[in-house]
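Listed here are the chains, written in short residue letters.
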Amino acid sequence: GTNDIIEPVKMPKKISYHDVGGLREETRLLREAVELPLRYPELVQDLGIKPPKGVLLYGPPGCGKTLLAQAVAQEVQATFFSVKGPEFLSPMHGQSEKKLRELFAQAEKKAPSVIFFDEIDAFAFDRSRATATFEATLVAQFLSLMDGFDRRGQVVVIATTNRLDILDRALLRPGRFDYRIRVSLPQRIDREHILRLHTTKMPLDEKVDLPDLADKTKGYTGADLAALCAKAALIAVSRALGQDMNHWPSSLDKELTSRIKVTLEDFN
Ligand code: ATP
């Protein structure tokens, strides 16, 4: 039967560039790499350019790589396929190669498409380090699929990794992942932006000072900041219900969350 991982993903909600905090230059680069070939394939062909087939987003987890990929795919109304590197490490010999082939075939059929390949390092690590020939075969297969698809085929692969240093160098050769975009930890001004984005729907107490929170959250990822905001909202709800939340991963989180006061007087 058809494996569900090669079905396109229906996105839970519409995600746009406006949902991405900070990352302006990163967004610009990604748009340049993806929008042109997917939106204007004829133009690209007429100009005789070889559009990029792959974009590699790298950097620490939780900083917006997935968000960026979803936003760009939605913007160009591309079919979005989402797979994770580790899913391909099936012990069944040949299964993974087959899945990969089907994935690329589906993407071409449903073009314009974005294939989002999360954690690609799971199998595409430096082949000299590969412990089994199995992984090596898989990388080779992946590369030949990338090389093989039609230049005009409106398919772009967006892959992510937290470990650029262990990636198979062959992936970085021209015509493969030509665009490599670093997605770093948010700076102060970006943290403020992210906090604002994640509290837009919350009735915040007027004393809440997001710039100050941004100051105090050095080292926090976008995901960490989103979690703080979500927790603050949950606390407001549990208060309104007369309960008390007592579970805290760290006292700093507790301190910071207490500064995001969500007012829920109208709740009852
Ligand atoms: P991983 O490498 O773990 O897959 P990632 O870089 O893909 O991480 P995302 O999945 O994009 O990270 O981020 C996780 C969640 O954190 C997002 O759904 C979003 O709620 C929040 N988030 C992260 N970065 C940002 C950002 N720059 N702007 C707004 N929200 C963000």
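Okay, so let's go over this structure. (Residues numbered from 1 in each chain as written. Predicted model: local features only at pLDDT ≥ 70, side-chain atom pairs only at ≥ 80, totals over all residues. Heavy atoms only, no water.)

G21, G62, K65, T66 and H198 are the nearest of the 18 residues found near the ligand. A distance of 3.1 Å separates an oxygen atom of the ligand from a polar atom in the backbone of C63. In the model, an oxygen atom of the ligand is placed 3.1 Å from a nitrogen or oxygen of the G64 main chain. Here the ligand has 630 Å² of accessible area as a free molecule, and 78% of this is covered by the chains. Its atoms largely coinciding with the cavity grid, the ligand occupies the largest pocket. (Near = heavy atom within 4 Å. Polar contact = N/O pair within 3.5 Å; in protein donor to acceptor, adjacent residues only side chain to side chain. Areas by Shrake-Rupley, 256 points an atom, 1.4 Å probe, with all protein chains shown as cover. 1 Å grid on protein atoms, 1.4 Å probe; cavity = no way out; pocket = protein on both sides within 12 Å on 5 of 7 lines; lining within 4 Å. Sits in = over half its atoms within 2 Å of the grid points.)

On to the sheet that holds strand β5 (residues 179-182). With parallel pairing, 5 strands are arranged side by side in an open sheet as β2-β3-β4-β1-β5. Strands at the two margins of the open sheet, each flanked by one partner only, are β2 (79-84) and β5. Each adjacent strand pair in this sheet contributes to an overall mean axis angle of 20°, direction not counted. Judged from the 5 bridges that link them, strand β3 (residues 113-118) and strand β4 (residues 155-161) form a sheet pairing that is parallel. Across the sheet, I115 pairs through a bridge with V157, a residue of β4. Packed on one face of the sheet, helix α1 (residues 24-39) meets β1 (54-58), β3, β4 and β5 and runs near 150° to β5. Set on the sheet, helix α4 (residues 95-109) makes contact with β2, β3 and β4; between it and β3 the angle comes to about 150°. (Pairing = 2+ DSSP bridges. Helix = DSSP H or I, 4+ residues; strand = E, 2+ residues; numbered from the N terminus. Axes fitted to C-alpha atoms, helices over the stretch in contact; angles between N-to-C directions. Contact = heavy atoms within 4.5 Å.)

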